[in-house]
Amino acid sequence: MSGGGPGSPLAQPLRPPSPGRAAALVGLFLLGAVVALAGALVQAAWFPGGLLLALAGSAGLFLGGSYATRSRGGAVAPAAGWLVAVILLTTTRPEGDFLFGAGGGSYLFLLGGMVLAVICATVGAGRQPGGGPARLGK
């Protein structure tokens, strides 16, 4: 069909990420867990403002990770860390303690964080073709 070209990028075999990129993604995963813990504490302490601050911090990390790595994986890694930490924080301990209360702010933090993670992973910096900013055909 085509002569001599490498073909579609989808037809190429997958390669593991470089060590630097893997370290960056692991760091973003851990940073997502830290932001989830901080957000869980802040949203409960100062309800309306703390909730907005926690969600803004989460969105900043997700979108910043996407732009820093220039890929959607940079938004997915901290979102995965955030989600794992939040799931672990919602479970009760043997003593009966838990971090999230049954109030509406906790549910807004959980659902809002998940929605922000999906939005930032979708809107974040994906692979862009090289070249100038001009339209094609000009």
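Within an unreviewed UniProt entry, the label attached to the protein reads DUF6113 family protein, and the organism entered is Streptomyces nogalater.

Trainee: Pulling in residues and values, what's your account of the overall build of the protein?
Mentor: In terms of helices and strands, the protein carries 4 helices and 0 strands. From first element to last, N terminus to C terminus, the protein shows the α and β order α-α-α-α. Taking all 138 residues of the protein together, 30% fall into the buried category. When the accessible surface of the protein is totalled, it reaches about 9,200 Å², and 71% of it is carbon and sulfur.

Trainee: Any chance you could break down the UniProt feature "transmembrane region" (unreviewed entry) in the protein for me, citing the residues and the numbers?
Mentor: Mapped onto this structure's residue numbering, the UniProt feature "transmembrane region" (unreviewed entry) falls at residues 22-41, 47-68, 75-92 and 98-125. Here residues 22-41 is 100% helix and 0% strand, with 29 Å between the C-alpha atoms at its ends. A distance of 31 Å separates the end C-alpha atoms of residues 47-68, which is 100% helix and 0% strand.

Trainee: Which residues make up the environment of V34, and what values do they have?
Mentor: Relative to the helices and strands, V34 is located in helix α1 (residues 19-45). For V34, a relative accessible area of 53% gives the class exposed. With 48 residues separating them in the primary sequence, V34 and W82 have C-alpha atoms 7.6 Å apart.

Trainee: Explain a nonpolar patch on the surface to me, using residue names and the numbers behind them.
Mentor: A surface patch of nonpolar side chains, amounting to about 460 Å² of accessible area, comprises V26, F29, L30, V84 and L88. Secondary structure elements with two or more residues in the nonpolar patch: α1 and α3 (73-90). Considering every element that reaches the nonpolar patch, the biggest residue donor is α1, with 3 residues. Inspection of the secondary structure assignment puts V26 in helix α1.

Trainee: For the environment of A77, give the residues involved together with the corresponding values.
Mentor: You can see A77 is positioned in helix α3. A C-alpha to C-alpha distance of 7.3 Å links A77 and V26, two positions 51 residues apart in sequence. When residues no more than four places from it in sequence are discounted, the contact partners of A77 are L25, L28 and F29.

Trainee: Explain the packing of α1 against helix α4 (residues 104-123) to me, and be specific about the residues and the numbers.
Mentor: Contact geometry for α1 and α4: axes closest at 10 Å, N-to-C directions at 150°. It follows that α1 is roughly antiparallel to α4 by the angle criterion. α4 is crossed by α1, and the crossing has right-handed handedness. Contacts from A36, G39, A40 and Q43 in α1 reach G105, S106 and F109 in α4.

Trainee: So what about α4? Which residues, and what values?
Mentor: The terminal C-alpha atoms of α4 lie 28 Å apart, and with 20 residues this matches the ideal 28 Å at 1.5 Å per residue to within 8%. Those residues of α4 lying buried are G105, S106, F109, L110, G112, G113, A117, C120 and A121. Against the buried residues of α4 lie α1, α2 (47-69) and α3.

So, how was this worked out
- Residues numbered from 1 in each chain as written.
- Predicted model: local features only at pLDDT ≥ 70, side-chain atom pairs only at ≥ 80, totals over all residues.
- Heavy atoms only, no water.
- Helix = DSSP H or I, 4+ residues; strand = E, 2+ residues; numbered from the N terminus.
- Buried < 20%, exposed > 50% of the residue type's maximum accessible area, 1.4 Å probe, protein only.
- Areas by Shrake-Rupley, 256 points an atom, 1.4 Å probe, with all protein chains shown as cover.
- UniProt positions renumbered as here; feature names shortened; annotations may be inferred.
- Patch = residues over 30% accessible without salt bridge, like charges linked within 9 Å, V, L, I, M, F, W, Y side chains within 5 Å.
- Salt bridge = Lys/Arg side-chain N within 4 Å of Asp/Glu carboxyl O.
- Contact = heavy atoms within 4.5 Å.
- Axes fitted to C-alpha atoms, helices over the stretch in contact; angles between N-to-C directions.
- Parallel < 35°, antiparallel > 145°, perpendicular 65-115°, else oblique.
- Left-handed = near helix turned anticlockwise from the far one by under 90°.
- Expected span 1.5 Å × (residues − 1).

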